[in-house]
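# Fold and geometry: a report
Chain residues, written in single-letter form:
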Amino acid sequence: GGPRRCHTRSMIRRSGSATFLQGAHSLIAAHVSLVWVPTWEESRLERLLTQLTTTVFPEPVPLYVWTLSDGLRRGDEPPEPDTADPVAALRWVLKREASALYLFKDLHRVLGRPEVSRLLRDVHHRFEETYHTLFIAAPELELPVELAKQVTLLDLPLPGVDDLDELFTAVCAE
């Protein structure tokens, strides 16, 4: 005999990204309006959400990304005016009619503000029967008690073999 292997290739997770995309697709289809993704990998999450905007809906939908420094921005377009403040950004989101995805990157920094918590509850109620989903990217999140039942957790698994192979191929092509 020889040494026994602990893992075989078939046991290794092929793609953490595929697992995330499948979970996010299910949540969007179920009209879940607020999703927390515990991650440090904001760029990877944004790439995956961008991919979702063209695969989940019959027609592509926009992805708006919010940061404290820029406010709400769609792709490479200039930020929406006066949306750096989270209250203004959430009010802007509430006015949108067309389906869209939103990624809020710095929201965990301001969740203690009562008006932010209230507006997130408003987002939940306004969008619970629509295909609007607001994703919150934060390594840790201390939710105010009033949001505990409105926010759904979705893990972003580590990259799998397929993810790493795709990255390696892209780097070699540069």
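Below: a short report on this structure. Sequence positions are assigned chain by chain, starting from 1 and proceeding in written order. Local features are withheld for residues below a pLDDT of 70 in this predicted model, meaning they are given only at 70 or higher, and side-chain atom pairs are given and counted only at 80 or more; totals for whole chains, interfaces and linings count all residues. Side-chain measures here rest on the full set of heavy atoms in the structure, leaving out hydrogens and waters.

What counts as a salt bridge is simple: a side-chain nitrogen of Lys or Arg found within 4 Å of a carboxyl oxygen of Asp or Glu. Scanning the model with the defined rule gives seven salt bridges in all. The partner of R126 in a salt bridge is E97, with the nearest N and O atoms 3.1 Å apart. One end of the pair, R126, is in helix α4 (residues 114-127); the other, E97, is in the loop between α3 (86-95) and β4 (101-104), with 29 residues separating them in the sequence. Three labels apply to residues, based on accessible area from a 1.4 Å probe with only protein chains included: buried if under 20% of the type maximum, exposed if over 50%, partly exposed otherwise in between. For E97, a relative accessible area of 65% gives the class exposed. The salt bridge partner of E115 is R113, with a shortest N-O separation of 3.0 Å. Taken together, the shared-partner salt bridges in this structure form one network comprising D85, R113 and E115. To qualify as a helix, a DSSP run of H or I must reach at least 4 residues; to qualify as a strand, a run of E must reach at least 2; elements of each kind are numbered from the N terminus.

What the six strands build is an open sheet, ordered β3-β2-β4-β5-β1-β6; its pairing is mixed. Two strands bound the open sheet, and with one partner strand each, they are β3 (71-74) and β6 (151-153). Within this sheet the neighbouring strands show an average axis-to-axis angle of 25°, counted without direction. Pairing between two strands is assigned when DSSP locates at least 2 bridges connecting them. Pairing analysis gives four bridges linking strand β2 (residues 63-67) to β3, with the strands arranged antiparallel. Across the sheet, V65 pairs through a bridge with R73, a residue of β3. Contact criterion: two residues are considered in contact whenever any of their non-hydrogen atoms come within 4.5 Å of each other. In this analysis an axis means a line fitted to C-alpha atoms, helices contributing only their contacting stretch, and an angle means the value between N-to-C directions, from 0 to 180 degrees. Of the strands in this sheet, β1 (34-37), β2, β4 and β5 (133-137) touch helix α2 (residues 42-55), which is tilted by about 175° from β4.

Look at α3 against α4: their axes get within 10 Å of each other, and the N-to-C directions meet at 10°. Our classification of the angle between α3 and α4 gives roughly parallel. Seen from above, α3 lies across α4 with left-handed handedness. Contacts between α3 and α4 involve P86, V87, L90, R91, V93, L94 and K95 from the first element and E115, V116, L119, L120, D122, V123, R126 and F127 from the second. Each angle gets one of four labels, with under 35 degrees taken as roughly parallel, over 145 as roughly antiparallel, 65 to 115 as roughly perpendicular, and the rest as oblique. Rotating anticlockwise by less than a right angle from the far helix to the near helix defines a left-handed crossing, while the corresponding clockwise rotation defines a right-handed one.

Quick look at the packing of helix α1 (residues 16-29) against α2 now. One way to put it is that α1 packs onto α2 with a least axis distance of 10 Å and a crossing angle of 55°. With respect to their mutual orientation, α1 and α2 come out oblique. Remark: the crossing between α1 and α2 carries right-handed chirality. Across the interface between the two elements, G16, S17, F20, L21, A24, H25 and I28 of α1 pack against R44, L45, L48, L49, Q51 and L52 of α2.

Even without glycine at this site, H31 takes up a positive phi of about 65°. Within the secondary structure, H31 sits in the loop between α1 and β1. Relative accessible area serves as the criterion here: at 21%, H31 is assigned to the partly exposed category. In this structure, D82 takes a positive phi of about 55° despite not being glycine.

Our next topic: the environment of G71. Position of G71 relative to the elements: it lies in strand β3. When the C-alpha positions of G71 and A84 are compared, they lie 3.5 Å apart, and in sequence the two are 13 residues distant. Setting aside residues no more than four positions away along its own chain, G71 makes contact with V65, W66, T83 and A84.

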